[in-house]
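# Examination of the molecular architecture
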Amino acid sequence: MQNNKMSPTLTHFISQDYSGITRARTFPEHRLASNLKKGLCWTPANLALNPFGSIVENEWGSLGDLIMMPDADSEVRVSGEGSISPLHYFHCDFLNMDGSPWDACPRQYLKRQIAVLSEMGIKAIASFEHEFMLTDIEEPAACFSLAASRTEEALCTAITAALIEANVDPEMCIPEYAARQYEVTCSPAEALKAADRAVNVREVVREICRRQNRTVSFSPVSSLNPGTNGVHVHVSLWSESDEPLTYDPSRPGQLSELASRFSAGILAHMTALTALTAPGVVSYQRLRPNSWSAAYACIGQQNREASIRIAPITHLNDSDAAKQANIEYRAADALASPHLVLGAILAAGIDGIKRKLEMPALVTTNPASIPSTDHARYGLRALPVNLESALQELDRDEVITASLGPALLNCYRAIKQSEIKEMDNKEEKVVRDLYAAVY
Ligand code: GLU
Ligand code: MG
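Now for a look at the structure at hand. (Residues numbered from 1 in each chain as written. Chains lettered and ligands numbered in written order. Predicted model: local features only at pLDDT ≥ 70, side-chain atom pairs only at ≥ 80, totals over all residues. Heavy atoms only, no water.)

## Brief notes about the pairing of strand 2 (residues 22–28)
- Here strand 1 (residues 10–16) pairs with strand 2 via seven bridges, running antiparallel. Bridging across to strand 2, S15 finds its partner in R23.
- Counting the residues in the hairpin turn of strand 1 and strand 2 gives five residues, including G20, whose phi is positive at 70 degrees. (Pairing = 2+ DSSP bridges. Helix = DSSP H or I, 4+ residues; strand = E, 2+ residues; numbered from the N terminus.)

Right, dumping it as structure tokens:
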């Protein structure tokens, strides 16, 4: 008979793949010290899985090995309960066997963009807001209501406690607009940590739901009720010595020249970015006008129909406006790898800074209501209406494709094409349900 006291605690090395699915290697914790030094082996073709488990054609096939190398600073530990061992993992980078960075690693893609920004004397601070639906709620309470919060008190408390333990620094766990919908926000952090935290939010919420026999979905659209799940990415720019660089009250949107160029860069590349930030066939059931998501590339102050929303600033209680200023990228969802999302946003913003792009006029109304004769003034462009068009936009975008590099891009494209093929000719509801089952 097994003695419970002798049960090993399991530790995982994790990486979120191109489809935003967290893959893991698991081992007994007593091997951690040694595994932290040498990493674990990983097969490159394992990253060529589409969300539905099909392995797509890729350049590695049965050949090759990689090292899954943990980042010791990224440790997450959430206490276990009863017979459930703690959730204990480390985020990893993929390295070649000689220890050099592997070109197609999603986390190192973000690190590369952070390094480019750093050469310019800038660092990005970010945070990801996640919306999700508790899909097993039978009779949802009213949106935003105290009742919706209190009926899920046990779950929301457990999620919040676990997120605090996981060093995510949660700010809120709140009922949202749609039935069954909740949202978790956390405090901003330096870009790499922010993207790791986004993975942590998803995995900790899933873990706590599993423990409480609850079902949750982060998929952007649900068949259960209208309303969409977005991932909103807040970004601000800072000097390496922690001076805020985003705010200038004398300029449009109170955005500094630097932040305006950065935002203009994101807008210029946004149709291509959606292939990475709204990466599923189902994502395009969300990116539609009048759903407070994002259907057009445009920028607006406190405008929830704008794909870049300049976040509000409060002047109460001597709050430092410059430190609050940030922009919010709204065209993302939880099918996307946070590392690819933030990496691509930074690559686009960096291009805007380098080319000194002018920020277009701010959209102050619903962009869907702006006549086409005014589109140029607002830099307004419709975002792709499906994944196929988004991938074509990505292929046409030399800056974003160059930032990704051929190995990552080719595998990503093959995965997405296979996903499109698997969803081909399926009704919207069927597509929604297939994604909801995975995410
Ligand atoms: N649920 C909306 C989305 O899909 C966002 C609503 C909000 O602004 O929080 O992005
Ligand atoms: Mg929200």
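Following the structure, the description resumes.
## Quick look at the coordination of the magnesium ion (ligand 2)
- Coordination of the magnesium ion (ligand 2) by the protein comes from E131 (OE), E176 (OE) and E183 (OE), over a distance range of 2.0 to 2.1 Å.
- Each donor residue of the magnesium ion (ligand 2) belongs to the same chain, and together they define the spacing E-x44-E-x6-E. E183 shares its class with E176; the two are buried. (Donors = N, O, S within 2.8 Å, 3.2 Å for Na, K, Ca; no water. Buried < 20%, exposed > 50% of the residue type's maximum accessible area, 1.4 Å probe, protein only.)

## Observations regarding the site of ligand 1
- In the vicinity of ligand 1, the contacting residues are E131, E176, E183, T228, N229, G230, H232, R286, W292, S293, R304 and R330.
- Residue E176 places a side-chain N or O atom 2.9 Å away from an oxygen atom belonging to ligand 1.
- Starting from 300 Å² of accessible surface for ligand 1 in isolation, the protein chains cover 90%.
- Considering only residue class, the shell around ligand 1 consists of one nonpolar, five polar and six charged. (Near = heavy atom within 4 Å. Polar contact = N/O pair within 3.5 Å; in protein donor to acceptor, adjacent residues only side chain to side chain. Areas by Shrake-Rupley, 256 points an atom, 1.4 Å probe, with all protein chains shown as cover. Nonpolar A, V, L, I, M, F, W, Y, C, P; charged D, E, K, R; others polar.)

## A closer look at the packing of aromatic side chains
- Summed over all chains, the structure comprises ten aromatic pairs.
- Where F13 meets F27, the ring centres are 4.8 Å apart and the plane angle is 75 degrees; that geometry is what we call edge-to-face. Remark: F27 occurs in strand 2 and F13 occurs in strand 1; sequence separation between them is 14 residues.
- Looking at F13, the relative accessible area reads 0%, which means it is buried.
- Ring plane angle 55 degrees and centroid distance 5.1 Å describe the contact between W60 and W102, whose orientation is recorded as tilted. Taken as a pair, W60 in the loop between strand 3 (40–42) and strand 4 (66–70) and W102 in the loop between strand 6 (87–95) and helix 2 (106–119) lie far apart in primary sequence, 42 residues in all.
- Given the relative accessible area of 12%, W60 is considered buried. (Phe/Tyr/Trp six-rings, centres within 6.5 Å; stacked < 30°, edge-to-face > 60°.)

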